[in-house]
Amino acid sequence: EARARPGLLAVIDNSNIFIMGKVAAGRRLKLPNNQEDPSWRLSFQRLYELITRSAPSIAKVVLFGSLPPPSDEVWNRCEEGNISVCLSHRKKHGKKKEMEV
């Protein structure tokens, strides 16, 4: 097993970054009534590069997300972008089982 190099840990909350990304994209497009841009997508590889370039002492990037989505495509793209994924299942009514950090 490879040992992690010493350094900082960057933690990402997927739901917050995704929601605010759609909000910011809607503002950039000047959509009426503060609408979100539903077509906005996040490049996990670019996010990883931005984080590690901004703070070279970061040794690991972890994204916290929840299930579903119906497929693992989003989480696979994270891992392809060098971002570790930690998932929790949602309870009914969209609430998460685990506490957000």
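Residues numbered from 1 in each chain as written. Predicted model: local features only at pLDDT ≥ 70, side-chain atom pairs only at ≥ 80, totals over all residues. Heavy atoms only, no water.

A.B. asks: I'm lost on the overall build of the protein in this one. Help?
C.D. replies: The number of helices and strands found in the protein is three helices and three strands. Beginning at the N terminus, the succession of helices and strands in the protein can be written as β-α-α-β-α-β. A total of 101 residues make up the protein; the buried ones form 29% of that total. The contacts in the protein between residues at least 6 apart in sequence include a share of 49% that link residues at least 24 apart. Only carbon and sulfur atoms are counted for the fraction: they give 53% of the accessible area of the protein, which is about 7,700 Å². (Helix = DSSP H or I, 4+ residues; strand = E, 2+ residues; numbered from the N terminus. Buried < 20%, exposed > 50% of the residue type's maximum accessible area, 1.4 Å probe, protein only. Contact = heavy atoms within 4.5 Å. Areas by Shrake-Rupley, 256 points an atom, 1.4 Å probe, with all protein chains shown as cover.)

A.B. asks: What exactly am I supposed to notice about a nonpolar patch on the surface here?
C.D. replies: Side chains of Leu9, Val11 and Phe64 sit close together on the surface and give an oily, nonpolar patch of about 270 Å² of accessible area. Position of phenylalanine 64 relative to the elements: it lies in strand 2 (residues 58–67). (Patch = residues over 30% accessible without salt bridge, like charges linked within 9 Å, V, L, I, M, F, W, Y side chains within 5 Å. Salt bridge = Lys/Arg side-chain N within 4 Å of Asp/Glu carboxyl O.)

A.B. asks: What is the right way to read the sheet that holds strand 3 (residues 84–89) from this model?
C.D. replies: Taking strand neighbours across the sheet as the criterion, the three strands line up as 1-2-3 in an open arrangement whose pairing is parallel. With one partner strand each, in any of the chains shown, strand 1 (8–13) and strand 3 form the two edges of the open sheet. In this sheet, adjacent strand axes meet at a mean angle of 25° when their direction is disregarded. As paired elements, strand 2 and strand 3 share six bridges and run parallel to each other. If you follow leucine 67 over to strand 3, its bridge partner there is histidine 89. Helix 2 (residues 44–54) contacts strand 1 and strand 2 of the sheet and is inclined by roughly 140° relative to strand 2. (Pairing = 2+ DSSP bridges. Axes fitted to C-alpha atoms, helices over the stretch in contact; angles between N-to-C directions.)

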